[in-house]
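Chain by chain, the residues run as shown.
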Amino acid sequence: MDVTLRVWRQRGPSDPGGIVEYPATGVSPDASFLEMLDLVNEGLMARGEPPIAFAHDCREGICGACSLMIDGIAHGPMAGAATCQVHMRSFSDGATITIEPWRAAAFPVLKDLIVDRSALDRIIAAGGFVTAATGGAQDANAVLVPKEAADRAMDAAACIGCGACVAACPNASASLFTAAKVSHLGLMPQGQPERSRRVIRMVAQMDAEGFGDCTLFGECQDACPKEISIDVIARMHRDHMRAVWFGGEERAETGPG
Amino acid sequence: MTPLDSRVPAGPLAEKWDRHKFEMQLVNPANKRKHPIIVVGTGLAGASAAATLSELGYRVQCFCFHDSPRRAHSIAAQGGINAAKNYQNDGDSVFRLFYDTIKGGDFRAREANVYRLAQVSGNIIDQCAAQGVPFAREYGGLLANRSFGGAQVSRTFYARGQTGQQLLLGAYQALERQIGRGAVEMHPHTEMLDLVVVDGRARGIVVRDLVTGRIESYAAHAVVLATGGYGNVFFLSTNARNCNVTATWRAYKRGAAFGNPCFTQIHPTCIPVSGDYQSKLTLMSESLRNDGRVWVPARIGDARPPRDIPEDERDYFLERKYPSFGNLAPRDIASRAAKQACDEGRGVGPTRLGVYLDFADAIARVGAQAIRDRYGNLFDMYERITDENPYAVPMRIYPAVHYTMGGLWVDYNLMSTIPGLHVIGEANFSDHGANRLGASALMQGLADGYFVLPATIGDYLASTPFAPVDTSHPAFRAVEADVAERTTRLLGVRGNRTVDSFHRQLGKIMWEKCGMARTEAGLTEALADIPALREEFWRTVTVPGSGQELNQALEKAGRVADFLEFAELVCLDALHRTESCGGHFREESQTADGEALRDDAHFAYVAAWEYAGEGTAPVLNKEPLEFETVHLSQRSYK
């Protein structure tokens, strides 16, 4: 099949960037979307032109590196899939496809379709963990975890940190990302001692990074390749409110509001 | 050459590790912050080591080429992690896990290392549970287990089909905690391009900042490589696209011996290749073999749709050949049996390079919902890629390169032949011998990172006098110059062939001549083909752009240039080892019924190759493997 690509090209963070058109011809419908881009890049490089830069690695939907806005939809037309899991059979022959990077103030473009998502790491560093230094753990079966809690925690923990939720959100909020980790750890008994401190710090970091607020549009859950529900955001808000009013030392440090 | 000293402690097997921990020197808590340590790679081994070393008080600088330490390829491991907890009361023990691992590795691993691995396996589960890893649970709240890939006990812990992801996120979160505290200096988007050795000791690395292109140096008292395996030397593999051999290969060229490079693992259950545009292969978790039955048509050339082939015209070849293990036969054996069926002309699917993995019986027995609960995400993944519904028609699978047991040689302390250079996880030549059992890679990565290295590195640091060396030392300038020269050379060829086309061609040579079945003739051809391809690469490759920017073509070019050198060592090792063992099958060495035939009299050793300079054949050093506890037997899964 043949398609026409309209691709965002930007040489570096300070370059204004713009859309450039490329033909992609003789593409197998069984090729993945990224394999189609490989093909276009092979053609560019054979002519000595710089390839289209895009982030990718595992190509099986788990590492969270790939991050393309395809025709205005984060990760493209397939629900519950990362860009690397989209195949060309999802497009019609002769289609024109527009490819852009994630757009968010907190995700500056580094080059072409690659953005800087280190803000997400800093949200985790602020509190997205259980403080459990290596060595002191008791027997794993000493703490019972109800199956339902473990299953719901796993639903939230499935987040791959790709940032599609931010890209899809009209406010560029990182609420789904942050709430997924707050919920994963908040649902596990091991996460209880730091529950208040965690949510306060992670939310504060999210705000500090310049992500927008959540106004419950719900675009994030539709874009999420792991189909994480916005229920986790409700949970985060509840935890946050409880922490701010009843959270002890953290409340004194940060105060309500 | 340096004689290989494995530094295995004396004493009975079960007491070696405890005794060694007591005998090793400790670093005073107040002195730990005076020891900077570099950790390269943030997969299970690297992230767990960086976090743990930092918790102990060392000054850690951690590097990864990804934009975030959470993306290392450990994240893609699906099936699970083994531990000798015996929670299922089915007869498991530390000794049994040790024995299974030694035997599964076809008696080509060091007893003492493997025993230690089994010993700490339980601590790993405890540690991960404490971090809040959402392992699968029974209704009563206890941890669930399953049996996995060739094990006759249920010792595998799992988190749906995303065990690697959840374990890695646990280690990543522990690492982020240390980064947030300012205790670990994290360098994402930074690729190690060379090792700096000063006065015979590893004292630093030279890296390229992948965003700015700047070449930079970092100095430390010890360097830890946790840079994963080299499966991508075959181009098509289940490894992530950016996995590469550069860090370990550069260390080899600076003097670290490379152990058993020909021990590569071909995983039996991958989605078959569909076309020449293909960029990587996708693994379907081995856990599928718990319920799926592997078969091909009994008759050659039978092209009927699978559901039209009656039971008595099917060949459930694993069940037939290995009645006691059946579909759970170890990876090397299952892979070879599939290849054999296809070689006989009984393969299925458009390319005829595939066998069926059929769930019809399991669905009839426990219902489609139960199968969906167990494998739902894997079935979805399969359908997404192939456009076929595996609830209705059998999956098609074929073996693919998945893991590399070979790696830099390390002693019992996980230190390479360069003092101060430690190697952990898949990057070392490891505890898996010639074949790794399912759910053991995660175990080894975390054992090394959480428990073994943090203990053993202290002995090196405490017992070594460190001359003050920083990045102004001339050795750093010299290595930086080497790195810059290589970059300039890659950019300067300005030919007309893309890097990927060379990589693809190299992969084809390796898969055909150094893949599932190897022969003297094939390997000899490969050893002529590879240097010729390398020569062509340096004459005709095109790498657009410059070195002073984010340049993915340049990154890839450097990695492929190293694969083009490294591939030769793999073939040389495969050629010299004329026995068959584990994943290394030499057609010249097989039993009458086509099983791998080991040659313990001549090959019960680790081959540790030592670099001898450009254009000179590497030196083969041998570490004899002594088996004091287990009896060497011909592996049988019949």
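The shown structure was predicted, so the numbers you read here are calculated from the model rather than taken from an experiment. (Residues numbered from 1 in each chain as written. Chains lettered and ligands numbered in written order. Predicted model: local features only at pLDDT ≥ 70, side-chain atom pairs only at ≥ 80, totals over all residues. Heavy atoms only, no water.)

**Notes on the overall build of chain B**
Right, so step 1: The helix and strand tally for chain B stands at 17 helices and 21 strands.
Right, so step 2: In summary, chain B has a C-alpha radius of gyration of 24 Å against a globular reference of 26 Å for 638 residues, a match within 12%.
Right, so step 3: Across its three principal axes, chain B shows a C-alpha extent of roughly 75 × 60 × 50 Å.
Right, so step 4: For chain B, the proportion of its 638 residues judged to be buried stands at 67%.
Right, so step 5: Partitioning the intrachain contacts of chain B with sequence separation of at least 6 by distance along the chain shows that 73% fall at a separation of at least 24.
Right, so step 6: Within the structure as shown, chain B displays about 20,600 Å² of accessible surface, and the carbon and sulfur contribution to it stands at 51%.
Right, so step 7: Seen as two clouds, the 69 positive and the 74 negative side-chain charges of chain B have centres 3 Å apart. (Helix = DSSP H or I, 4+ residues; strand = E, 2+ residues; numbered from the N terminus. Rg over C-alpha atoms; globule rule 2.2 N^0.38 Å. Buried < 20%, exposed > 50% of the residue type's maximum accessible area, 1.4 Å probe, protein only. Contact = heavy atoms within 4.5 Å. Areas by Shrake-Rupley, 256 points an atom, 1.4 Å probe, with all protein chains shown as cover. Lys, Arg positive; Asp, Glu negative; His and termini not counted. Charge placed at Lys NZ, Arg CZ, Asp CG, Glu CD.)

**Focus on the pattern of salt bridges**
All names here are of chain B.
Right, so step 1: Following the criterion strictly, the structure yields 68 salt bridges over all chains and no others.
Right, so step 2: Its salt-bridge partner being Lys 85, residue Asp 126 comes within 2.6 Å of it at the nearest N-O pair. With Asp 126 in helix 5 (residues 111-130) and Lys 85 in the loop between strand 3 (81-82) and helix 4 (94-104), the pair connects residues that are 41 residues apart, well separated along the chain.
Right, so step 3: According to the relative accessible area criterion, Asp 126 is buried, its value standing at 10%.
Right, so step 4: Here Lys 85 falls in the buried class, since its relative accessible area comes to 16%. (Salt bridge = Lys/Arg side-chain N within 4 Å of Asp/Glu carboxyl O.)

**A look at the confidence of the model for chain A**
Right, so step 1: On average, residues of chain A score 95 in pLDDT, and 96% of them reach the 70 mark or higher.
Right, so step 2: Confidence over residues 252-257 of chain A falls short of pLDDT 50; this stretch has seven contacts with residues more than four positions distant or in other chains. (pLDDT = per-residue confidence, 0-100.)

**Description of the sheet that holds strand 12 (residues 293-297) of chain B**
Pairing between sheet strands relies on hydrogen bonds along the backbone, with the strands arranged either parallel or antiparallel.
Residue and element names in this part refer to chain B.
Right, so step 1: Pairing within the open sheet is antiparallel, and its five strands lie in the order 11-15-14-12-13. Only two strands of the sheet have a single neighbouring strand rather than two, namely strand 11 (264-270) and strand 13 (314-315).
Right, so step 2: Of the pairings in the sheet, the one linking strand 11 to strand 15 (residues 395-404) comprises five bridges and is antiparallel in character. Across the sheet, the residue bridging to Thr 264 is Thr 404, located in strand 15.
Right, so step 3: Lying over the sheet, helix 9 (residues 331-343) contacts strand 11, strand 12, strand 14 (355-358) and strand 15, oriented at roughly 65° with respect to strand 11. (Pairing = 2+ DSSP bridges. Axes fitted to C-alpha atoms, helices over the stretch in contact; angles between N-to-C directions.)

**Looking at the interface of chain A and chain B**
Right, so step 1: Chain A puts 71 residues into the contact, and the matching count from chain B is 72 residues.
Right, so step 2: Where chain A abuts chain B, roughly 6,000 Å² becomes buried across the two surfaces, and 52% of that area is made up of carbon and sulfur atoms.
Right, so step 3: Counting the contacts that link chain A with chain B gives seven salt bridges.
Right, so step 4: Applying the counting rule to chain A against chain B returns 43 residue pairs in polar contact (both at pLDDT 80 or more).
Right, so step 5: Elements with a contribution of two residues or more to the side of chain A that touches chain B: helix 1 (33-46), strand 6 (109-111), helix 2 (118-127), helix 3 (147-157) and helix 5 (175-187) of chain A.
Right, so step 6: Considering every element that reaches the side of chain A that touches chain B, the biggest residue donor is helix 3 of chain A, with seven residues.
Right, so step 7: Of the residues that constitute the side of chain A that touches chain B, the class distribution is 38 nonpolar, 16 polar and 17 charged. (Buried area = accessible area lost by both parts, 1.4 Å probe. Polar contact = N/O pair within 3.5 Å; in protein donor to acceptor, adjacent residues only side chain to side chain. Nonpolar A, V, L, I, M, F, W, Y, C, P; charged D, E, K, R; others polar.)

**Describing the packing of aromatic side chains**
We describe a pair of aromatic rings using the distance from one ring centre to the other and the angle between the two ring planes.
Right, so step 1: Following the criterion strictly, the structure yields 27 aromatic pairs over all chains and no others.
Right, so step 2: On the basis of an interplanar angle of 45° and a centroid distance of 4.7 Å, the ring pair of Trp 295 of chain B and Tyr 356 of chain B is categorised as tilted. Placement of Trp 295 of chain B in strand 12 and of Tyr 356 of chain B in strand 14 is noted, with a sequence separation of 61 residues between them. Taken individually, Trp 295 of chain B and Tyr 356 of chain B each receive the classification buried, so the pair is uniform in this respect.
Right, so step 3: A ring pair is formed by Tyr 375 of chain B and Phe 379 of chain B, whose centres lie 6.3 Å apart and whose planes are at 15°; its orientation type is stacked. Of this pair, Tyr 375 of chain B and Phe 379 of chain B both sit in helix 11 (residues 368-386), separated by four residues, roughly a single helical turn.
Right, so step 4: Judged by relative accessible area, which is 3%, Tyr 375 of chain B ranks as buried.
Right, so step 5: Ring pairing ties together the aromatic residues Tyr 230, Trp 249, Tyr 252, Phe 258, Phe 566 and Tyr 611 of chain B, which thus form one cluster.
Right, so step 6: Above the plane of the ring of Tyr 139 of chain B lies Lys 147 of chain A, whose end atom (NZ or CZ) is 5.3 Å from the centre.
Right, so step 7: The cationic tip of Arg 436 of chain B hangs over the ring face of Tyr 403 of chain B; the distance from NZ or CZ to the ring centre is 4.1 Å. (Phe/Tyr/Trp six-rings, centres within 6.5 Å; stacked < 30°, edge-to-face > 60°. Lys NZ or Arg CZ within 6 Å of the ring centre and 35° of its normal.)

**Some thoughts on the sheet that holds strand 4 (residues 73-74) of chain A**
Residue and element names in this part refer to chain A.
Right, so step 1: Sheet architecture is open: five strands sit in the order 2-1-5-3-4, paired in mixed fashion. If you trace the sheet from one side to the other, it starts and ends with strand 2 (18-24) and strand 4, each paired once.
Right, so step 2: Direction of pairing for strand 1 (residues 3-9) relative to strand 5 (residues 96-100): parallel, over a ladder of four bridges. Bridged to Thr 4 within strand 5 is Thr 96.
Right, so step 3: Sheet strands touched by helix 1: strand 1, strand 2, strand 3 (69-70) and strand 5. Its angle to strand 2, the strand with the most contacts, is close to 95°.

**What to know about the domain arrangement of chain A**
Residue and element names in this part refer to chain A.
Right, so step 1: Each assigned domain of chain A is listed here: domain 1 (3-111) and domain 2 (118-254).
Right, so step 2: Each of domain 1 and domain 2 was reduced to a C-alpha centroid, and the two centroids are 30 Å apart.
Right, so step 3: Carbon and sulfur atoms make up 65% of the area that domain 1 and domain 2 hide from each other, which totals about 1,200 Å².
Right, so step 4: The three residues of domain 1 that bury the most area against domain 2 are Gly 80, Ala 106 and Phe 107, which together make up 34% of that side's buried surface.
Right, so step 5: In this assembly, domain 1 and domain 2 are joined by zero salt bridges. (Domains from an automatic or database assignment.)

**Some thoughts on empty space enclosed by the protein**
Right, so step 1: Applying the stated rule across the entire model yields 13 cavities of 30 Å³ or more.
Right, so step 2: A volume near 540 Å³ is recorded for the second largest cavity.
Right, so step 3: Forming the boundary of the second largest cavity are 31 residues, of which Phe 54 and His 56 of chain A together with Asn 242, Gln 552 and Glu 555 of chain B lie nearest the centre.
Right, so step 4: Going through the elements one at a time, helix 1 and strand 7 (114-115) of chain A together with helix 14 (499-513) and helix 16 (552-576) of chain B are the ones with two or more residues in the lining of the second largest cavity.
Right, so step 5: Partitioned by chemical class, the residues of the lining of the second largest cavity number 13 nonpolar, six polar and twelve charged. (1 Å grid on protein atoms, 1.4 Å probe; cavity = no way out; pocket = protein on both sides within 12 Å on 5 of 7 lines; lining within 4 Å. Points joined across faces, edges and corners; volume = space filled by probe spheres on them.)

**Focus on the pairing of strand 8 (residues 215-219) of chain B**
Right, so step 1: Among the five residues that make up strand 8 of chain B, four are buried, leaving the element largely enclosed by the rest of the structure.
Right, so step 2: Taking the residues that link successive antiparallel strands as the turn, the strand 7 (residues 201-209) of chain B-strand 8 of chain B hairpin has five residues, and the phi of Gly 213 of chain B there is positive, at about 85°.

**Points about the nonpolar core**
Right, so step 1: One finds Phe 211 of chain A together with Ile 81, Ile 205, Leu 421 and Met 510 of chain B to be the most contacted residues of the largest nonpolar core, which totals 235 residues.
Right, so step 2: Examining the composition of this core, we find that 13 residues originate from one element, helix 16 of chain B, more than from any other.
Right, so step 3: Formed by 30 residues, the second largest nonpolar core is a distinct cluster that contains Val 3, Leu 68, Ala 82 and Cys 84 of chain A. (Core = buried A, V, L, I, M, F, W, Y, C linked by side-chain atoms within 4.5 Å.)

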